[in-house]
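Spelled out from the first residue to the last, the chains are:
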Amino acid sequence: GGWSPGLVWTQIDGPAAATIYASASEDTPVDFTLPGTYRFQLQGTDGGTVLVSETLVAVDDTYAQWALRNSLVTAPNEDEDGDGIENLCEYAYDLDPKVRDSFSVLALNNGAFEYTRYLRKSDIAYEIEESTSLSGWSGVANTLVSATADTEQHSYILPEGVRWFVRLKITR
């Protein structure tokens, strides 16, 4: 006879459990509760033959979804928990907007400023800016140091000989 496989979809990993609605179907709807990268396996069997295939699914987040998950009632440029970190920055770094955090978005490492960019936050942009006077900020090029499916590490080295100020600007 022909190939009439018994199919089974299973979730291998991901940031949360996903709901697979028709696990025995080749095409199935799936619901995700959190953003991130999910890995699924499709196994097909027909008699003694077993075929296995894996697939990755990247689920992006939005500020609106994050605000809803966290029952946020203040605007992106406000500070819900009073910790000095605006809601948009808390979203960019997956912080809890209801808990006072002590967190720095820029880390100084061997003379270079480093930051993490979360790729599943597709509705925001990250930009390093510099200034010599805390006014008249300008964007600067930075170096991609490393990357995973969900993050990128970036680095920026200040020019020598001048007093510089650096900030990470996060915008929607």
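The preceding data block contains the structure.
Computed from a predicted model, the values in this text were never measured in an experiment.

Draft legend 1. The overall build of the chain, seen in detail. Each helix and strand in the chain was counted, giving two helices and twelve strands. When the helices and strands of the chain are read in sequence order from the N terminus, they spell out β-β-β-β-β-α-α-β-β-β-β-β-β-β. Since a compact globule built from 172 residues should have a radius of gyration of about 16 Å, the 22 Å found for the chain marks it as more spread out than a globular shape. Taking the principal axes of its C-alpha atoms as reference, the chain extends roughly 80 × 40 × 20 Å.

Draft legend 2. Summary view of the sheet that holds strand E8 (residues 125–131). With antiparallel pairing, three strands are arranged side by side in an open sheet as E9-E8-E12. Taken across any chain shown, the strands that pair with only one partner, and hence form the sheet edges, are strand E9 (138–139) and strand E12 (165–171). Sheet topology note: the E8/E9 ladder contains two bridges and is antiparallel. For glutamate 129, the partnering residue across the bridge sits in E9 and is glycine 139.

Draft legend 3. Examining the nonpolar core more closely. Formed by 22 residues in total, the largest nonpolar core has its most connected members in Tyr93, Tyr126, Ile128, Leu168 and Ile170. Where this core is concerned, the elements lending two or more residues are helix H1 (63–69), helix H2 (87–92), strand E7 (112–118), E8 and E12. With four residues, H2 is the largest single contributor of residues to this core.

Calculation rules
Residues numbered from 1 in each chain as written. Predicted model: local features only at pLDDT ≥ 70, side-chain atom pairs only at ≥ 80, totals over all residues. Heavy atoms only, no water. Helix = DSSP H or I, 4+ residues; strand = E, 2+ residues; numbered from the N terminus. Rg over C-alpha atoms; globule rule 2.2 N^0.38 Å. Pairing = 2+ DSSP bridges. Core = buried A, V, L, I, M, F, W, Y, C linked by side-chain atoms within 4.5 Å. Buried < 20%, exposed > 50% of the residue type's maximum accessible area, 1.4 Å probe, protein only.

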